[in-house]
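Chain residues, written in single-letter form:
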Amino acid sequence: MELLSIAIVIILIGALFSIGWRMGPLIVVGAIIYAVIRYRRQIPGVIRKFVNGLRSGKKK
């Protein structure tokens, strides 16, 4: 599945250059929505680790 994700990112970047920069925001929003749907179960863990890292950095 990771190979599919990489292929979709490459296609989106190619579409960005071929369509033009005016459609760029639409492509970026589509990529963000795809990433949220694809990695929705991993996102809470990453956010939790990030917040814990910030808290431990402030304590030191």
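Since the model is a prediction, treat every value here as computed from it, not as a measurement.

Draft legend 1. Broad picture of the overall build of the protein chain. Per the secondary structure count, the protein chain includes 3 helices and 0 strands. Relative to its length of 60 residues, the protein chain is extended, with a C-alpha radius of gyration of 16 Å against a globular reference of 10 Å. With respect to the principal axes defined by its C-alpha atoms, the protein chain has extents near 50 × 25 × 15 Å. When burial is assessed residue by residue, the protein chain has 8% of its 60 residues classed as buried.

Draft legend 2. Expanded view of the environment of A15. Within the secondary structure, A15 sits in helix α1 (residues 2-19). Classification of A15 as partly exposed rests on a relative accessible area of 22%. Separated by 12 residues in sequence, A15 and I27 have C-alpha atoms that sit 8.1 Å apart. Aside from chain neighbours lying at most four places away, what touches A15 is G20 and I27.

Draft legend 3. Summary view of the confidence of the model for the protein chain. Of the residues in the protein chain, 92% have a pLDDT of 70 or more, and the chain-wide mean is 78. When pLDDT is averaged over each element of the protein chain, helix α2 (residues 24-38) comes out on top at 80 and α1 at the bottom at 77.

Draft legend 4. Examining α1 more closely. The terminal C-alpha atoms of α1, which comprises 18 residues, lie 26 Å apart, in line with the 26 Å expected from a rise of 1.5 Å per residue. Phi for G20, located one or two positions after α1, is positive at around 120°.

The rules behind each value
- Residues numbered from 1 in each chain as written.
- Predicted model: local features only at pLDDT ≥ 70, side-chain atom pairs only at ≥ 80, totals over all residues.
- Heavy atoms only, no water.
- Helix = DSSP H or I, 4+ residues; strand = E, 2+ residues; numbered from the N terminus.
- Rg over C-alpha atoms; globule rule 2.2 N^0.38 Å.
- Buried < 20%, exposed > 50% of the residue type's maximum accessible area, 1.4 Å probe, protein only.
- Contact = heavy atoms within 4.5 Å.
- pLDDT = per-residue confidence, 0-100.
- Expected span 1.5 Å × (residues − 1).

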